[in-house]
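# Chain and residue survey
As a plain string of letters, each chain reads:
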Amino acid sequence: MAETTLQQLAEHTGGRVVGDGATIITSAATLEQAQPGQITFLNNNKYLPLLKTTRAGAVIVGEELESVGALLVAKDPYYAFMQAVVLLHGHRPHKPVGMSPLAQVAPDARLGDNCHVHNFATICEGVIIGNNCHIYPGVFVGPGVRMGDDCIIYPNAVIYDGSVIGSRVIVQSNASIGQDGYGFATHSGRHHKIPQIGRAVIEDDVEIGAGSAIERGTLDDTVIGAGSKIGDMVTVGHGAKIGPHCLLVPQVGIAGSAAVGHHCMLGGQVGIVGHVKIGNLVKIGAQAGVINDLPDGASVFGAPAIEADKARRAYALIEYLPEMRKRIRKIEKRLDHCEISD
Amino acid sequence: MAETTLQQLAEHTGGRVVGDGATIITSAATLEQAQPGQITFLNNNKYLPLLKTTRAGAVIVGEELESVGALLVAKDPYYAFMQAVVLLHGHRPHKPVGMSPLAQVAPDARLGDNCHVHNFATICEGVIIGNNCHIYPGVFVGPGVRMGDDCIIYPNAVIYDGSVIGSRVIVQSNASIGQDGYGFATHSGRHHKIPQIGRAVIEDDVEIGAGSAIERGTLDDTVIGAGSKIGDMVTVGHGAKIGPHCLLVPQVGIAGSAAVGHHCMLGGQVGIVGHVKIGNLVKIGAQAGVINDLPDGASVFGAPAIEADKARRAYALIEYLPEMRKRIRKIEKRLDHCEISD
Amino acid sequence: MAETTLQQLAEHTGGRVVGDGATIITSAATLEQAQPGQITFLNNNKYLPLLKTTRAGAVIVGEELESVGALLVAKDPYYAFMQAVVLLHGHRPHKPVGMSPLAQVAPDARLGDNCHVHNFATICEGVIIGNNCHIYPGVFVGPGVRMGDDCIIYPNAVIYDGSVIGSRVIVQSNASIGQDGYGFATHSGRHHKIPQIGRAVIEDDVEIGAGSAIERGTLDDTVIGAGSKIGDMVTVGHGAKIGPHCLLVPQVGIAGSAAVGHHCMLGGQVGIVGHVKIGNLVKIGAQAGVINDLPDGASVFGAPAIEADKARRAYALIEYLPEMRKRIRKIEKRLDHCEISD
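Every residue gets a number counted from 1 within its own chain, in the order that chain's sequence is written. Starting at A for chains and at 1 for ligands, labels are handed out in the order in which the entities are written. This being a predicted model, a pLDDT of at least 70 is required before a residue's local features are given, and a value of 80 or more before pairs of side-chain atoms are given or counted; all residues contribute to the totals for chains, interfaces and linings.

### Overview of the overall build of chain A
Put simply, the rule is: Helix and strand definitions follow DSSP, with helices as H or I runs of at least four residues and strands as E runs of at least two, each counted in order from the N terminus. Radius of gyration: over C-alpha atoms. The globule rule applied is 2.2 Å multiplied by the number of residues raised to the 0.38 power. Once C-beta atoms are placed from the backbone, each residue is buried if 20 or more other C-beta atoms lie within 10 Å of its own, exposed if 12 or fewer, and partly exposed for counts between those two. Each residue gets a C-beta atom placed from its backbone, and two residues are in contact if those atoms lie within 7 Å.
Across its full length, chain A holds five helices and 39 strands. In terms of overall dimensions, chain A is more spread out than a globule: its C-alpha atoms have a radius of gyration of 26 Å, far above the 20 Å expected for 342 residues. A principal-axis box enclosing the C-alpha atoms of chain A has dimensions of 95 × 75 × 30 Å. Per-residue burial over chain A gives 58% buried out of 342 residues. Sequence separation of at least 24 residues holds for 21% of the intrachain contacts in chain A that already meet a minimum separation of 6.

Okay, here's the thing in structure tokens:
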């Protein structure tokens, strides 16, 4: 943990101080839990009342909010908060273990400078890894895998043969990359396995969540685009293409050969069927089921997924179905009566 | 496997015998498969007809049911059945392997009495583990993890640095605890990783299912309350608080900063969005999508989730939407005619 | 990679050639990416326009399609394509590593001929494995597991004690088989673990996807029938029976004691509640929630799941709920007016 002043933090994050810039800040905490000496942030209006009661040394807020206590006013308060946390706490340090004698590294594997391979990790033949990578215990890096610089592969993650991993990629524990796609040819009631000869390609700056599973392609590659962040227990099917800078939160499922553009946001448990094309900058609400192509900038939710504004009103009305049905029945009776009375 | 009599079992479980208490019971089986010498139970009226055909030595039943064969009548038949199975079969025995020479244990790690660390397990620096714990092959216990007594960590489970595990905790295979939360600050189209400095705290008597993933907190801890049972492939987001004695069955997803009270039951594939507050004793049906706070004792299902009784009727009517629409159209025509005829 | 001619491929797959049978084929690729010398296939009419622009050496098509370029006409083009890919590329080769000195194999474990156990794999006491099996690094094979011939168990998969694995079974990375079922008896607000004394039985020719979790039974076995293919992150609850030759695509969840017949197809993220009976040849659409028994040949989707044709029309109408409600209100007003004018 570092120690800094509010003024220094403001300069570091490009914000400005309201209150005493000399306030000492040593760490970060939540609005509810922060004590003097700690910085916190407000990013969700739901927590606005806590601004009055927080004991925090300072609060990072957006530009529209400048009334209380010591503040660090930032254009993008969550981003400024991220910078503050990195400055004060840093990212997880990785112990420089070098090459553990208990790791199994193929003689022809080539690793760059400053790589650390922990005990019980396996690096197979033909693997090429760049500089500054950390391979944690129990990781399996299959034959012919190529990996860039500055990657962190957490315990028991498995990277199958021939997968391509960019630089600054983080793979959390128990994730699988490049396992066989779900590809079977059904003939006379039997399902025959199709060799999956495509690869899984994970581009630069991607993070893959714990327990996720990114299939290799049947023929062409499965691709996770640069800068995309994949949550826990997400599955991406064979040949699917996720564009750059997407957010796929936990438990999303993308079926084979689907294509997702850049800067898309997929909520929890979203499902996308195979072979559909999702445009750029698309937002898909939690649990949505997407069965059709979506244009750039679309915002949808529901299963089946429909335009978000429409969906908000429509799905809320399911609750009123019994009432609506009763009203229809009543109308029919009134109408019967009305017609008879004619 | 033990051998006992029906009378002894009744005493052991606090029930009473109908029929011959001297019946020898050696093991447990299902109503359909049980043979003489085996005990079984009836807990679901769906299986009531099997009572007449079962060959079981005895059946554990509730108090309202006393007509057939040799019975063990119990106030809580499923609980009595559990006691019978524990008596007859016991829990899985764990081989006392001691400290495997093929495990990697940091010199400064402190383990209590009667701990067993299998081959290929990694116990990192600063770890403190209580007594009678079993750490199976391939398990990773990260730096600074604290663990209580009588824990069982099954193969290839991964516990990240700084996580806190109570006593009598069971972690099934390939589960991840304390991996980084899904926390990114998006700025100018790039997603910047926020150091996740909170912890994952697993309280006493919790069980975590195979392949589950419990994120560490961004700032404050993610907590799984005492006695809660987490199924397979459940994900709990950063900073979420699950109260004590909850049941989260497989594939549930809880987003970050959500709070769930005590004694809640969440069905399969339930999703809860971030920052909502679920009360105590709440029941959430399978596949429900919860997007709002829920009061104590609420019972909901559906996506979006609504009050269960309402939901039962409402969601069943989706099927009738085409019919309802047709009837509306017909009414409009009749009305047109009716008005013209005026 | 092999080299062959289009004519040879046609003979190999039982199809026939349209165009030049002497065309040399060396590998397979997609319609979009295939170059001269590569074979591809058309199985989805969505990609029909690509037939005119593909540079592929030859295309495998169904019998109704015979107009363009060099074709291999097959009764079952996807099956013929599978045969072609196997011929040209083969399945993944598995390095014959023998028994790694870094594996931990119990003295009384019995392995057949030509088995390969990689470093950091654990084979416990009483295990019996047939011939030609590959056990990859980090795999755990628990006490008393029985496994047939020709199995491939990928890295870090975990097979619990007493599980039964048939022949030609493939288990992808990080999958769990035979972990404890989600079985607790709740008594006075506490959840008591019920020993799970049933087994997980995986029959011949089954494939289990990455990160999947197949629970052992409480009393009787959980069974995955012969030839069934289980996708990534699928969970099957204790005592559930999946019949032979089923397809369970990724993220499906089957609750305990459910029974699924033979040749069923379950789409992504489908959920099936406990104790229901699904017939044979049933198709269940993605994200469906099945809460009732289904007869042979049923085709359903939606949550709750209803008959597919009905569901297609009904779920599409949710979008029109606001409009329908407005129309009902309007009708009521017209009717009020109509009755008054009477």
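Picking up where we left off.
### So, the relation of the copies chain C and chain B
We count it as follows: Fitting of the copies onto one another was done by least squares over C-alpha atoms, counting residues only where both copies have pLDDT of at least 70.
Rotating chain C by 120° and translating it 0.0 Å along the rotation axis places it on chain B, where the RMSD comes to 0.1 Å. Each copy turns onto its partner about a three-fold axis.

### Considerations on the pairing of strand β6 (residues 58–61) of chain B
Residue and element names in this part refer to chain B. Stated formally: A pair of strands is considered paired only if DSSP assigns at least 2 bridges between the two.
The two faces of β6 match: Ala 58 and Ile 60 on one face and Val 59 and Val 61 on the other face are all buried. Relative to β6, strand β5 (residues 38–41) runs parallel, the two sharing three bridges. Residue pairing across strands places Phe 41 opposite Ile 60, the latter belonging to β6. Where β6 lies against strand β7 (residues 71–73), three bridges are found, and the strand directions are parallel. What sits directly across from Ile 60, in β7, is Leu 72.

### Digging into the interface of chain B and chain A
We apply this condition: All amino acids are sorted into three groups, where Ala, Val, Leu, Ile, Met, Phe, Trp, Tyr, Cys and Pro are nonpolar, Asp, Glu, Lys and Arg are charged, and the leftover types, Gly among them, are polar.
The interface is formed by 56 residues belonging to chain B together with 62 residues belonging to chain A. Among the elements of the structure, β20 (176–179), β21 (184–187), β22 (190–193), β25 (213–215), α4 (308–316) and α5 (321–341) of chain B are those that each provide at least two residues to the side of chain B that touches chain A. No other element matches the eight residues that α5(B) contributes to the side of chain B that touches chain A. Taken together, the residues of the side of chain B that touches chain A sort by class into 27 nonpolar, 19 polar and ten charged.

### Side note on the sheet that holds strand β12 (residues 128–129) of chain B
All names here are of chain B. Pairing is parallel across the open sheet formed by nine strands, whose spatial order is β9-β12-β15-β18-β23-β26-β29-β32-β35. With partners counted over all chains shown, the strands left at the sheet margins are β9 (110–111) and β35 (277–278), one partner each. Note: strand β18 (residues 164–165) against strand β23 (residues 200–202), two bridges, orientation parallel. Within β23, the residue paired with Val 164 across the bridge is Val 201.

### Describing the packing of helix α1 (residues 6–13) of chain A against helix α3 (residues 77–89) of chain A
The description of two helices packed together rests on the angle between their axes and the distance between the axes. All names here are of chain A. Definition in use: Fitted lines through C-alpha atoms give the axes, limited to the stretch in contact for helices. The angle between two N-to-C directions lies from 0 to 180 degrees. Angles below 35 degrees are treated as roughly parallel, those above 145 as roughly antiparallel, those between 65 and 115 as roughly perpendicular, and all remaining angles as oblique. Crossing handedness is defined as follows: a turn of the near helix away from the far one that is anticlockwise and smaller than a right angle gives a left-handed crossing, while the clockwise case is right-handed.
In the contact formed by α1 and α3, the axes pass within 9 Å of each other and the chain directions differ by 120°. Taken together, the axis directions place α1 and α3 in an arrangement best described as oblique. For the crossing formed where α1 meets α3, the hand is right-handed. Here α1 contributes Leu 9, His 12 and Thr 13 to the contact with α3, which in turn contributes Ala 80, Gln 83, Ala 84 and Leu 87. Taken together, the residues of the contact of α1 with α3 break down into four nonpolar, three polar and no charged.

### Let's talk about the sheet that holds strand β19 (residues 170–171) of chain A
Residues and elements named next belong to chain A. Pairing in this open sheet of eleven strands is mixed, and the strands run β10-β13-β16-β19-β24-β27-β30-β33-β36-β38-β39 from one edge to the other. A single partner strand is all that each edge strand has here, and the edge strands are β10 (116–117) and β39 (306–307). Bridge analysis of strand β27 (residues 229–230) against strand β30 (residues 247–248) gives two bridges, and the strand direction is parallel. Looking across to β30, one finds that Lys 229 is bridged to Leu 247.

### Some words on the environment of B:Pro322
Checked against the element boundaries, B:Pro322 lands in helix α5. On the basis of neighbour count, B:Pro322 is assigned to the partly exposed category, with 15 C-beta atoms found within 10 Å.

### Observations concerning the confidence of the model for chain A
The condition that has to hold: Across the chain, each position has a pLDDT score giving the predictor's confidence in that residue, from 0 to 100.
Averaged over every residue, the pLDDT of chain A is 94; the share at 70 or more is 97%. Reported confidence for the predicted complex is 0.94 by ipTM and 0.95 by pTM.

### Quick word on the domain arrangement of chain A
The following threshold applies: Domain extents, as shown, originate in an automatic or database domain assignment.
On domain assignment, one finds that chain A holds domain 1 (4–89) and domain 2 (157–304). The C-alpha centroid of domain 2 of chain A is placed 37 Å from the C-alpha centroid of domain 1 of chain A.

### A short note on the interface of chain C and chain B
Facing 57 residues of chain C, the contacting portion of chain B comprises 62 residues. Looking at the side of chain C that touches chain B, the elements that each hand over two or more residues are β20 (176–179), β21 (184–187), β22 (190–193), β25 (213–215), α4 (308–316) and α5 (321–341) of chain C. The greatest single-element share of the side of chain C that touches chain B, amounting to eight residues, is contributed by α5(C). Considering only residue class, the side of chain C that touches chain B consists of 27 nonpolar, 20 polar and ten charged.

### Remarks on helix α3 (residues 77–89) of chain B
Residue and element names in this part refer to chain B. Condition: One fewer than the residue count of a helix, multiplied by 1.5 Å, yields its expected span.
Taking 1.5 Å of rise per residue, 13 residues should cover 18 Å, and α3 covers 18 Å from first to last C-alpha, within 8% of that figure. Within the sequence span of α3, burial applies to Pro 77, Tyr 78, Tyr 79, Ala 80, Phe 81, Met 82, Gln 83, Ala 84, Val 85 and Leu 88. Phi turns positive, to about 70°, at Gly 90, one or two residues after α3.

### Section: the pairing of strand β5 (residues 38–41) of chain A
All names here are of chain A. In β5, alternate side chains face the same way, and those of Gln 38 and Thr 40 on one face and Ile 39 and Phe 41 on the other are all buried. Judged from the two bridges that link them, strand β4 (residues 27–28) and β5 form a sheet pairing that is parallel. Opposite Ala 28, over in β5, you have Ile 39 as the bridge partner.

### A look at helix α1 (residues 6–13) of chain B
Residues and elements named next belong to chain B. Keep this limit in mind: Summarising the geometry, the arc corresponds to the directions from the helix axis toward the C-beta atoms.
Along α1, the residues that are buried comprise Leu 6, Leu 9, Ala 10 and Thr 13. Down the axis of α1, the buried set is contained in an arc of 100°. They therefore lie on one face. Gly 14 occupies a position one or two residues after α1 and carries a positive phi of about 75°.

### Regarding the environment of A:Gly261
Residue and element names in this part refer to chain A. Along the chain, Gly 261 falls in the loop between β32 (259–260) and β33 (265–266). Gly 261 gets classed as buried once you count the C-beta atoms within 10 Å, which come to 22. Remark: the alpha-carbon pair of Gly 261 and His 245, spanning 16 residues in sequence, is separated by 9.1 Å. Apart from the residues lying within four places of it in its own chain, the contact partners of Gly 261 are Gly 243, Ile 278, Gly 279, Asn 280, Val 282 and Asp 296.

### Structural notes on unusual backbone geometry
Most peptide bonds take the trans form, and the phi angle of most residues other than glycine is negative. Here the residue pair A:Ala303 and A:Pro304 is connected by a cis peptide bond, since its omega of 5° sits within 30 degrees of zero. Following the sequence through the fold, A:Pro304 ends up in the loop between β38 (299–301) and β39. Phi at B:Asp205 takes a positive value of approximately 65°, unusual for a residue other than glycine. You can see B:Asp205 is positioned in the loop between β23 and β24 (207–208). Judged by C-beta crowding, with 23 C-beta atoms within 10 Å, B:Asp205 ranks as buried. Despite not being glycine, C:His245 has its phi angle at roughly 60°, a positive value.

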